[in-house]
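Analysis of the macromolecular model
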Amino acid sequence: MSRRQLRGVAEVSAAIGAGQPISLLLMIEDEASPAAVELAGRAEALGIDVRRESERELRRMCAGEVAVELLGLEGPPAMQTLDELMASDGIVFLLVGLRYPGNVGYILRCLEVAGGAGVVLDTDWAAAQRDEALRVGMRADRFFPVIDADSGDALLSARAAGRRIVALETSGRLAPWEVSLKGPLVVLVGSETTGIPDSVLGEVDELVTIPANGFIPSYNVQAAVGIILGEWMRQTA
């Protein structure tokens, strides 16, 4: 199931009344109306995660429009197990050994905005590095799963769920638009310096690269991920 925004008291109330799955409800932290407060209480009683956010944050989440006092997330919960994530719909990114929190944060934000299912992180980071990545990614982990797991376990789970595995690597021979990115899919992205380990590359179905015409042989990982996500959206529109 894909995620979508529910804006305002009326939309959230209608969704709750229809029994639609709502995983998160953001309520303005100041001057919420009695109707909004009452509805938030009903949501909490149903086990929906309700959080207070600033007017500025809600306006940003509404893409610059006037902020609503309630913003609901219809769809699966952000907290899922690895197997639940792999069994869900949509594209999953598996990030193996990435070093820089800024790059990971960019990927988290881009994938959530594009409507991806979630991200699996295989890193040796300290807690502070992970927190920095989530901050850069606008706390996308509020809205979809960001799961820490060993890449071997992630690939086993992906295979069990029937997902194809595509690796984004400079050693690839095909561009993203030359392969099918439709259906249940995992995209592997490796370290900015060492790439994807050979032991992991041996498990992939497709090896793709982003064509380059300059002297520098590869793009920044942020640009490469943006390109493959754009192609995935084009193919699955």
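The rules behind each value
- Residues numbered from 1 in each chain as written.
- Predicted model: local features only at pLDDT ≥ 70, side-chain atom pairs only at ≥ 80, totals over all residues.
- Heavy atoms only, no water.
- Core = buried A, V, L, I, M, F, W, Y, C linked by side-chain atoms within 4.5 Å.
- Buried < 20%, exposed > 50% of the residue type's maximum accessible area, 1.4 Å probe, protein only.
- Helix = DSSP H or I, 4+ residues; strand = E, 2+ residues; numbered from the N terminus.
- Pairing = 2+ DSSP bridges.
- Axes fitted to C-alpha atoms, helices over the stretch in contact; angles between N-to-C directions.
- Contact = heavy atoms within 4.5 Å.

Below, the discussion takes up the nonpolar core. Among soluble globular proteins, nonpolar side chains are generally buried collectively. Counting residues in each nonpolar core, the largest one holds 32 residues, and the members touching the most others are Phe93, Leu95, Val104, Val119 and Val189. When residues of this core are traced back to their parent elements, those giving at least two are β5 (91-96), α5 (101-114), β6 (118-122), α6 (127-136), β8 (164-168), β9 (185-190) and α9 (221-236). Counting residues in each nonpolar core, the second largest holds 21 residues, with Val92, Val120, Ala149 and Leu188 among its members.

If you trace the 4 strands from one edge of the open sheet to the other, you get β1-β4-β2-β3, paired in mixed fashion. At either end of the open sheet lies a strand with only one pairing partner, and these are β1 (4-7) and β3 (49-53). In this sheet, neighbouring strand axes are inclined to one another by 25° on average, regardless of whether the strands run parallel or antiparallel. Alignment of β1 against strand β4 (residues 70-74), held across 4 bridges, turns out to be antiparallel. The residue bridging Leu6 from the neighbouring strand is Gly72, located in β4. Here helix α2 (residues 34-45) sits on the sheet and contacts β2 (22-28), β3 and β4; the angle it forms with β2, its principal contact strand, is near 150°.

Purely geometric stuff here, so don't read any function into it on its own.
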